Amino acid sequence: MKATQKDFKGQAPRFAREAGVFFFCGPDEAGVQDAATQIAALLPDAGERVELSGADLRRDPVRLGDEARSTSLFGDKRHIWVRANGDEAHDAVETLLSGTAEACPVLIVATSATDKSRTAKLLANRPDALVAMFYPPDLRTLTASVRDLADAAGVRLGGDLAERIARASALDLRLAQSEVTKLALYLDASPQAPRNADLAALEAIVARTEEDGLMPIVNAVLGGEVAKLPHELRRMRELGLNPVGVLLAVERRAAQLAGLAAKAGPRGDIGELIKAEVASRRIFWKDERDIGAQLRRWRGPRLARLVEKLIGLHRALLVNSQQAELLLAQGLAEIARAAAKR
């Protein structure tokens, strides 16, 4: 079976009932994690969670089958959660499928893989397996997701506020979920006792939690604020932010700058363009100053080199997952220094 983010939510209960091996892939790391968590919660009898790494399974492909067909010390049910990089788990999955004894559910999270990878092809046509591919959401999609999250938390949220949370979360579903949770706590809201959210409530939690987002590190890097970067990298480690997720936030801003640069042309008035984008609500008003300053730094050949640098850095993170945090810090420092040289 195959699924995308468009049809996953509606069919997740069926997938949890019918499939035994789940392969979650795609560049949307937050979406992949959320989908795997949903399936784990929907399993008829999830039991104990056993975590394995893709590197472990690559070294010992037989281990996955052994773990999936064994029981815990007290005979309880279990499910296996694998964090893999690309096709690290392919041979282990192939060995698992070749066995005949009943196995417990296996969930594989492989954000650097796609539905064209060897592991995905191994599973896609099987009725007892699921391959789910997730792409980063656009603003409209994440805004709708924020409203769904708010409804589930008992927070009545208007479209403008939902969009604001989506923008402030850098289109990261996990950060959006965190903001909705904080809002629900602030309002003392629950599904049994819903509360209306307004701008004042949102401003109250944002004022206290602004440092929890990805935008400070994005702005420090692309704005050439070299002195701020060590603090932001330290905060990234303290919050446990995924290096690929952080890089995706930088890439999304670079893509936004590229689109704006194309609109402005080589001699366009950046100030007027940014004001028009804010007026049309394509740029959040709080981002106006940062985006304007970054667009003045990154235009023409410099912007093209930035995009090439980000593509190369992304590839390096996926290939060297064990050193991802160090590689990201080095790459972002290089970009920040280049931005500082106006």
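Residues numbered from 1 in each chain as written. Predicted model: local features only at pLDDT ≥ 70, side-chain atom pairs only at ≥ 80, totals over all residues. Heavy atoms only, no water.

S.K.: Any chance you could explain the pairing of strand 6 (residues 129-133) here in plain terms?
M.R.: The buried fraction of strand 6 amounts to five of the five residues, a majority that puts the element mostly inside the structure. Covered by surrounding structure in strand 6 are A129, V131 and M133 together with L130 and A132, the residues of both alternating faces. Here strand 1 (residues 2-4) pairs with strand 6 via three bridges, running parallel. Counted as the bridge partner of T4 is M133 from strand 6. The sheet contact formed by strand 2 (residues 21-25) and strand 6 spans five bridges and is parallel. Directly across from C25, in strand 6, lies its bridge partner M133. (Buried < 20%, exposed > 50% of the residue type's maximum accessible area, 1.4 Å probe, protein only. Helix = DSSP H or I, 4+ residues; strand = E, 2+ residues; numbered from the N terminus. Pairing = 2+ DSSP bridges.)

S.K.: Would you explain the nonpolar core in this entry?
M.R.: Among soluble globular proteins, nonpolar side chains are generally buried collectively. Core analysis: the largest hydrophobic core is formed by 43 residues, its most contacted members being I217, L222 and L332. For this core, the secondary structure elements donating two or more residues are helix 11 (215-222), helix 12 (229-239), helix 13 (243-264), helix 14 (270-279), helix 15 (288-297), helix 16 (300-319) and helix 17 (324-340). For this core, the element with the most residues is helix 13, which contributes 11 residues. In this view, L332 contacts I217, V221, L229, L233, V246, V250 and L313; residues no more than four positions away in its chain are not counted. Within the second largest apolar cluster, 26 residues are counted, among which are F23, I80, A92 and A124. (Core = buried A, V, L, I, M, F, W, Y, C linked by side-chain atoms within 4.5 Å. Contact = heavy atoms within 4.5 Å.)

S.K.: Explain the side chain of E88 here, please?
M.R.: Examined against the element boundaries, E88 turns out to sit in the loop between strand 4 (78-83) and helix 5 (90-98). A polar contact of 2.9 Å, which involves the side chain of E88, links it to the backbone nitrogen of N85. With sequence-adjacent residues up to four places away left out, E88 is seen in contact with G54, A55, L57 and R58. (Polar contact = N/O pair within 3.5 Å; in protein donor to acceptor, adjacent residues only side chain to side chain.)

S.K.: I would appreciate a short explanation of unusual backbone geometry in the present structure.
M.R.: A negative phi angle characterises most non-glycine residues, just as the trans form characterises most peptide bonds. Backbone geometry at D188 places phi at a positive 55°, although glycine is not the residue there. With relative accessibility at 59%, the residue D188 sits in the exposed group.

S.K.: What is the right way to look at the confidence of the model for the chain in this model?
M.R.: The predicted coordinates should not be examined in detail at positions where pLDDT is low. Averaged over the chain, the pLDDT score is 84; the fraction of residues at 70 or greater is 96%. Low pLDDT, under 50, characterises residues 207-211; the predicted model gives this stretch eight contacts beyond four residues in sequence or across chains. (pLDDT = per-residue confidence, 0-100.)

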